[in-house]
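# Residue-level structural notes
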Amino acid sequence: MRSFATLLLLTSLAGVGDHAHADDRELLTELLTKNNCTACHFIDKRKYGPKLKDVAAKYANDESAVEKLAARIKAGSTGVWGQDVMPPQPQVSDADALALARYVLSLH
């Protein structure tokens, strides 16, 4: 049985464009849930951090975005979105951080 948060993510991902395929949406949902990203982020609604679609739009033309976002997931950051603070997430594996960055960028 899926949790409410997982169902909410799947519902919000259903409208994602052609860049993210069904398998990508499923994996993204699993990664967001597994790594507790939804404590601060939603796909298309602001919570404590920026909407993930806004993150994708901001970095759409940045060739180093995957590595940059993966590093920020692990190390945290501040000042990128005004006063928002992204706390470090050192428990996220390097592979998960890279996958999360790729899939978030696919939301654009």
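Residues numbered from 1 in each chain as written. Predicted model: local features only at pLDDT ≥ 70, side-chain atom pairs only at ≥ 80, totals over all residues. Heavy atoms only, no water.

Between side chains of opposite charge, a pair can form when the charged atoms approach closely. Inspection of the entire model under this criterion finds five salt bridges. A salt bridge links arginine 46 to aspartate 84; the nearest nitrogen and oxygen atoms lie 2.8 Å apart. With arginine 46 in the loop between helix H2 (22-34) and helix H3 (52-58) and aspartate 84 in the loop between strand S1 (77-78) and strand S2 (85-86), this pair connects stretches of sequence that are 38 residues apart. In this structure arginine 46 comes out as partly exposed when scored by relative accessible area, which is 44%. (Salt bridge = Lys/Arg side-chain N within 4 Å of Asp/Glu carboxyl O. Helix = DSSP H or I, 4+ residues; strand = E, 2+ residues; numbered from the N terminus. Buried < 20%, exposed > 50% of the residue type's maximum accessible area, 1.4 Å probe, protein only.)

Let's shift gears to the layout of surface pockets. Here the largest pocket defines a volume of roughly 590 Å³. Looking at the lining of the largest pocket, the elements with two or more residues in it are H3, helix H4 (65-75), S1, S2 and helix H5 (94-105). Among the elements that take part in the lining of the largest pocket, H4 stands out by supplying three residues, more than any other. Its residues assigned to classes, the lining of the largest pocket shows 19 nonpolar, eight polar and two charged. (1 Å grid on protein atoms, 1.4 Å probe; cavity = no way out; pocket = protein on both sides within 12 Å on 5 of 7 lines; lining within 4 Å. Points joined across faces, edges and corners; volume = space filled by probe spheres on them. Nonpolar A, V, L, I, M, F, W, Y, C, P; charged D, E, K, R; others polar.)

At asparagine 36, a residue that is not glycine, the phi angle is positive and equals roughly 60°. Tracing the sequence through the fold places asparagine 36 in the loop between H2 and H3. According to the relative accessible area criterion, asparagine 36 is exposed, its value standing at 52%.

This paragraph deals with the confidence of the model for the protein chain. When pLDDT is averaged along the protein chain, the result is 83; 80% of the residues meet or exceed 70. The element-level mean pLDDT for the protein chain is lowest in helix H1 (residues 4-13), coming to 44, with H4 highest at 97. Confidence over residues 1-19 falls short of pLDDT 50; this stretch has 26 contacts with residues more than four positions distant or in other chains. (pLDDT = per-residue confidence, 0-100. Contact = heavy atoms within 4.5 Å.)

Those residues of H4 not exposed but buried are Ala65, Val66, Leu69, Ala70 and Ile73. Projected down its long axis, H4 carries its buried residues within an arc of 125°, all on one side. Among the exposed residues of H4, those oriented more than 90 degrees off its buried face are Glu67 and Ala75. Residues of H4 that are buried in the fold lie against H3, S2 and H5. (Arc of directions from axis to C-beta.)

Right, let's get into the nonpolar core. The tendency in soluble globular proteins is for nonpolar side chains to be buried as a group. Within the largest apolar cluster, 23 residues are counted, with the highest numbers of intra-cluster contacts made by Leu28, Leu32 and Leu100. Where this core is concerned, the elements lending two or more residues are H2, H3, H4 and H5. The element that contributes the greatest number of residues to this core is H5, accounting for seven residues. (Core = buried A, V, L, I, M, F, W, Y, C linked by side-chain atoms within 4.5 Å.)

This part is about the packing of aromatic side chains. Following the criterion strictly, the structure yields zero aromatic pairs and no others. Geometry around tryptophan 81 places lysine 58 over its ring, the cationic atom sitting 4.5 Å from the centre. (Phe/Tyr/Trp six-rings, centres within 6.5 Å; stacked < 30°, edge-to-face > 60°. Lys NZ or Arg CZ within 6 Å of the ring centre and 35° of its normal.)

So, about the packing of H4 against H5. In contact at an axis separation of 8 Å, H4 and H5 are set at 125° when each is read in the N-to-C sense. For the element pair H4 / H5, the angle class is oblique. Where H4 crosses over H5, the two elements pack in a sense that is right-handed. Between H4 and H5, the residues in contact are Ala65, Val66, Leu69, Ala70, Ile73 and Lys74 and Asp94, Ala97, Leu98, Leu100, Ala101, Arg102 and Leu105, respectively. Residues belonging to the contact of H4 with H5 are distributed by class as follows: ten nonpolar, no polar and three charged. (Axes fitted to C-alpha atoms, helices over the stretch in contact; angles between N-to-C directions. Parallel < 35°, antiparallel > 145°, perpendicular 65-115°, else oblique. Left-handed = near helix turned anticlockwise from the far one by under 90°.)

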